[in-house]
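Fold and geometry: a report
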Amino acid sequence: MMAQKRIAIYGKGGIGKSSTASNVAAACADEGYKVMIIGCDPKSDSSITLLGGKRIPTILDLLRQKIDVKEEDIVHEGYKGVKCVEVGGPEPGIGCAGRGIIVAIQKLKQMCKSIDDMDLIIYDVPGDIVCGGFVAPIRKGLVNQAYILTSGEYMPLYAANNICRGLAKIDTQLSGIICNSRSVTREEDIVRKFSGEIGSKLMAFIPKEQIVQDCERDGFSVLEKAPDSPVAGVYRELAHAIMSNEDSVMPEALEDERLRELTR
Ligand code: SF4
């Protein structure tokens, strides 16, 4: 039996983490893997494209309503049986998102025994590492592989570099970099160089394609709505690369001047 992969995808807010996570989940489900996606972003939209555009109730909302929560209230089956869970966020202005993630996942583990049978669990975690709260899933041993999503633009790379610093600080290795293209000049080259210089590797270059936005708008993954599109093939390759990846390194963040040079 293969070891369970529990991955988290980090990266600057808005860089496309949810879209990448749901397309990888769909590609792995197509291959027959048992997959769960756990959305940890307060926006609670990580799984929406696996559920035909439907929003599901979040664990934290259900707990706040003091409902006697059952597994079927929080785990919803989406495309090809992918199990979808949304943690939700704290009430605006109060509460701690990081703490909420831990409480919600403890509840999920109590309720959902089949979590141990999954081949792949994807944690879709919020934006940049702004505090220890967001790395809570790693700290609690819930995640065994961390990936960073970036484009070749300076700001997302700056965030990626900071995340490397954060991971090194909590003694956590990085398993790879994924480039979600914004059609920047020499983008693949820039991100490949960045990946190499921090000691890691580029897992995939996802081209900027309108079809990704179109599928998302309609509430579907590209794998479901446009399975023959070239970008669906890229997600399939990325899914395969993640499922077979055993490498990880302690990333060495670059000096800011080097980062600027790379993107010039
Ligand atoms: S910034 Fe961090 S510590 Fe502060 S509320 Fe958010 S998760 Fe919690």
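The structure contained in this document is the topic of the report that follows. (Residues numbered from 1 in each chain as written. Predicted model: local features only at pLDDT ≥ 70, side-chain atom pairs only at ≥ 80, totals over all residues. Heavy atoms only, no water.)

1. Quick word on the pattern of salt bridges
As a reminder of what qualifies: Within this document, salt bridges are pairs made up of a side-chain nitrogen of Lys or Arg and a carboxyl oxygen of Asp or Glu, the two lying within 4 Å of each other. Working definition: helices are DSSP H or I runs of at least four residues, strands are E runs of at least two. Numbering for both runs from the N terminus. Relative accessibility decides the category of a residue: with a 1.4 Å probe and only protein chains considered, values under 20% of the type maximum give buried, values over 50% give exposed, and everything between is partly exposed.
Here the structure, examined in full by the defined rule, presents 15 salt bridges. Note that Asp-189 is salt-bridged to Lys-193, the shortest N-O span being 3.5 Å. Note that Asp-189 and Lys-193 are positioned in helix 7 (residues 187-197) at a spacing of four residues, about one turn of the helix. One salt bridge in this structure joins Asp-218 and Arg-217, with 3.1 Å as the shortest N-O distance. Asp-218 sits in the partly exposed class, given a relative accessible area of 34%. Residue classification places Arg-217 among the exposed residues on the basis of a relative accessible area of 60%. Salt bridges linked by common partners bring Asp-214, Arg-217, Asp-218 and Lys-225 together as one network.

2. A few points about the layout of surface pockets
This is how it is decided: Computed over the protein atoms alone on a 1 Å grid, cavities are sets of points where a 1.4 Å probe fits but cannot get out and pockets are open sets with protein on both sides within 12 Å along at least five of seven lines; a residue lines them when it has an atom within 4 Å of a point. Grid points are joined across faces, edges and corners, and a volume is the space filled by probe spheres set on the points. Residues are grouped as follows: Ala, Val, Leu, Ile, Met, Phe, Trp, Tyr, Cys and Pro are nonpolar; Asp, Glu, Lys and Arg are charged; all remaining types, including Gly, are polar.
Of the pockets and cavities examined, the largest pocket occupies roughly 490 Å³. Looking at the lining of the largest pocket, the elements that each hand over two or more residues are helix 1 (17-30) and helix 8 (210-217). Per-element accounting of the lining of the largest pocket gives the leading share, four residues, to helix 1. Residues of the lining of the largest pocket, tallied by class, amount to seven nonpolar, 12 polar and nine charged.

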